[in-house]
Amino acid sequence: MKKSRLSRRDFMRVLGVAAGTGVIGCGGGGRPDTGGGTPPTPVPPPPTPVPPPPPSGTVIRPDVMSAEGQAMVEIYSRAVGIMRGRAESVATSWLAQANIHLNWCPHGNAFFLPWHRAYLHYFEEIIRDAAGDPTFALPYWNWTTHPTIPDAFWEGPLNDDTRQIRPGQPIPPRYVGPNVISDILDITDFETFASAYVDGDCSPSSDGKEQRASCGTGRLEGTPHNNVHVEVGGRRPPVGNMSTFVSPRDPIFWLHHCNVDRLWATWNLRHANGTNADWSDFEFQDNFVNPQGAPQSITVSQTFKTADLGYTYDTIPAAAPEAALTGGTATVVAQAEAANTAQARAGSPIRISVDLGDELRARMRALTGPAPEGAGRPTVRLTIGGIEHPENAVPVNVYVGPAEAPTGGEASPSYVGTFSFFPIGEGSHAGSTSFLFDIGKKLAGGSGFDASGPLHVHVEPQALAAGAAPEAAPTTITPSLIRVEIIDHG
Ligand code: C2O
C-alpha cells in the first residue's frame, strides 16, 4: 500500500502550531550550525510553493481565528439568526437541525465520523442558502491552538446561555493539547482512531437503530471530542445543550465538529480508512435535509473525499498526494482479556491485571524496544470495556505498566490518556460502552511495563470540576472487560 508521509513542516502546519510565524523549517538541517559565539543569522523561511487552486466549487474551511474565519463567522451569525427565527416544524430551522442529531447521531461506533461529516455538509449548504452566500465555508474551532470559545460565540445569535464553561476558560491540554492530538494522528489502526465497527460485540441502541449501537469509542471521539462537549456543556446534570443529544443547538457545536472532521481528513493524509464493507456501504437513509427541506441520503463511502462534498481545510496541503482513503487492513494476531467487578471512583482508582499468555507476551516483549521507523508498527489496542454509561461525564485517566498505582496524571510515563462520556442527561445512550487506546508507543517508551508478568491497567476517575457543588454520590464506573490485542496492518 502506498502511503504518503507528511514532512514535519506539513505536520506542524496541520496542527496549526506554526501558523503565521517564521519558526518552521526546523526539520533536517536548514539552519547553519552557529557553533557558539556569533549570534545566529535568521534564515528566511523557504519560499512556500504556490498551491494549485482547489477544484472549482471547493471551499476552504478556515480556522475561526483567522481573518477568513472571522469573515465566515459574520455570515454564520446572520444565518443562525435567520434559522433561529424559523418554526421548529420547518426542516431548515435551528431546532429542526438539532433534532436530526437527536434522532440519528451515531456515537461509540465507526459511523461517528462519516455521519457527522455528512451532517456538517448539509448544514453548510443550509447556512449558504439562509445567508444567500454561496461562498460560505464553515470555520473550525481549533481547540489545540485556541482552547477557549471564540469571543463572537458569547453574543447575539451565536451565544448559548446553557453553557457551563465561562468565557476565557480553556479546555485543558490533557484533552486537546498538541501531544494528545499528535498521538491520535499517529494511530495506525482505523477503529482505534475512529471508533469500532458495528458487529456482534456491540450493545444495541435503545431505539433499535443499527447506526446507533454502542461498540467501542476510538481515541478521537473518546478524548478530544467527548471532553470538549462536556467541558462546554457541563459534566453533571443539569447540563447545557453541548452535553446532550441536542448539542447542535449550541452554535459552537458545528465548529467543534468541523475540527473533529478536519482531524479525520488530516489522519487520512497518512492512514487509510478501514475496509469493512458493512460499514463503508452503509447508507444513512433520509437522515439529512437539503436547503429546500427535502430528505437526503448518503453512504459512508460517499463521505470519504471531502472534495466530493465541496470542501477542504486550510491546513490540508493543497499539493498533498492523494491520500489512500481505503485499504487499511487490520488483523488481530494475539489477544488477552480480563474480567473485572471492582468499581472505580474519584480518589479510589482500580488496577486490573491482564494475563498475557506466551504468544502475546513474546510479541509485547518485541515491542518494548525502539520501533523500526516507518515499518508498519503493529497497534497494541487496549479496550476499557463494558462500562455502564454513567449519569455524569466523569473524566477517567488510564495508565498501563507498573503494578503500583502511578501518580501524576499526564506527567506519569505510564499515562495513556483520559476518556469521558457523552452524551449525558436525559435520554443518553443506554447500555454499556467501551473506549479504545493504542498503547504501543507507551509500552515501547518506558512505561514501567515488565513483559515477564501481566499487563497492569489502572483506571482512575477524576473528581468533577472544582468549583461545582460537592458530589453527594461520586460517580463510580466498573469496566467489566479489559482486552489487549496486537493488530498487524497490511
Ligand atoms: Cu453527535 Cu459531537 O456529537
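It should be emphasised that the depicted structure is a prediction, and the values quoted were computed from it without experimental measurement.

(A) Representation of the packing of aromatic side chains within the structure. Counted by the stated rule, this structure contains 30 aromatic pairs. An angle of 85° between the planes, with centres 6.5 Å apart, marks the rings of tryptophan 264 and phenylalanine 304 as edge-to-face. Taken together, the residues tryptophan 264 in helix H9 (residues 252-267) and phenylalanine 304 in the loop between strand S4 (295-299) and strand S5 (311-313) connect sequence positions 40 residues apart. Accessibility expressed as a relative area gives 0% for tryptophan 264, which makes it buried. A relative accessible area of 7% means that phenylalanine 304 is categorised as buried. Judged by centre distance (5.7 Å) and plane angle (65°), the ring pair of phenylalanine 282 and phenylalanine 284 falls under edge-to-face. On the basis of relative accessible area, phenylalanine 284 is assigned to the buried category, the value being 0%. In this arrangement the basic side chain of lysine 209 is found over the ring face of tryptophan 104, its NZ or CZ atom lying 4.5 Å from the centre.

(B) Region of interest: the packing of helix H6 (residues 178-186) against H9. Where H6 meets H9, the closest approach of the two axes is 9 Å, and the angle between their N-to-C directions is 45°. Looking at the two axes, H6 sits oblique to H9. You can see that H6 and H9 cross each other, and the crossing is right-handed. Contacts from Ile181, Ile184 and Leu185 of H6 reach H9 at Leu263, Thr266 and Trp267. Residues that form the contact of H6 with H9 fall into these classes: five nonpolar, one polar and no charged.

(C) Layout of the environment of methionine 242. Topologically, methionine 242 is positioned in the loop between helix H8 (219-233) and H9. Looking at methionine 242, the relative accessible area reads 1%, which means it is buried. Each C-alpha atom of the pair methionine 242 and histidine 229 lies 5.3 Å from the other, and the pair is 13 residues apart in sequence. The contact partners of methionine 242, leaving out residues within four places of it in the chain, are His229, Val232, Gly233, Ser247, Asp250, Ile252, Phe253, His256 and Phe422.

(D) Molecular detail of the sheet that holds strand S13 (residues 432-438). Strands sit in the order S7-S16-S10-S13 across an open sheet of four strands; the sheet is antiparallel. Edge positions in the sheet fall to strand S7 (330-339) and S13, since each of these pairs with one other strand and no more. Going across the sheet, the axis of each strand differs from the next one's by a mean of 20°, ignoring polarity. The sheet contact formed by S7 and strand S16 (residues 481-489) spans nine bridges and is antiparallel. Along S16, the bridge assignment pairs alanine 334 with isoleucine 486.

(E) The arrangement of the confidence of the model for the chain in detail. Model confidence for the chain is summarised by a mean pLDDT of 86, while 83% of its residues fall at 70 or above. Counting interchain partners and residues more than four positions distant, the pLDDT-below-50 stretch residues 50-54 has four contacts.

The rules behind the values
- Residues numbered from 1 in each chain as written.
- Predicted model: local features only at pLDDT ≥ 70, side-chain atom pairs only at ≥ 80, totals over all residues.
- Heavy atoms only, no water.
- Phe/Tyr/Trp six-rings, centres within 6.5 Å; stacked < 30°, edge-to-face > 60°.
- Helix = DSSP H or I, 4+ residues; strand = E, 2+ residues; numbered from the N terminus.
- Buried < 20%, exposed > 50% of the residue type's maximum accessible area, 1.4 Å probe, protein only.
- Lys NZ or Arg CZ within 6 Å of the ring centre and 35° of its normal.
- Axes fitted to C-alpha atoms, helices over the stretch in contact; angles between N-to-C directions.
- Parallel < 35°, antiparallel > 145°, perpendicular 65-115°, else oblique.
- Left-handed = near helix turned anticlockwise from the far one by under 90°.
- Contact = heavy atoms within 4.5 Å.
- Nonpolar A, V, L, I, M, F, W, Y, C, P; charged D, E, K, R; others polar.
- Pairing = 2+ DSSP bridges.
- pLDDT = per-residue confidence, 0-100.

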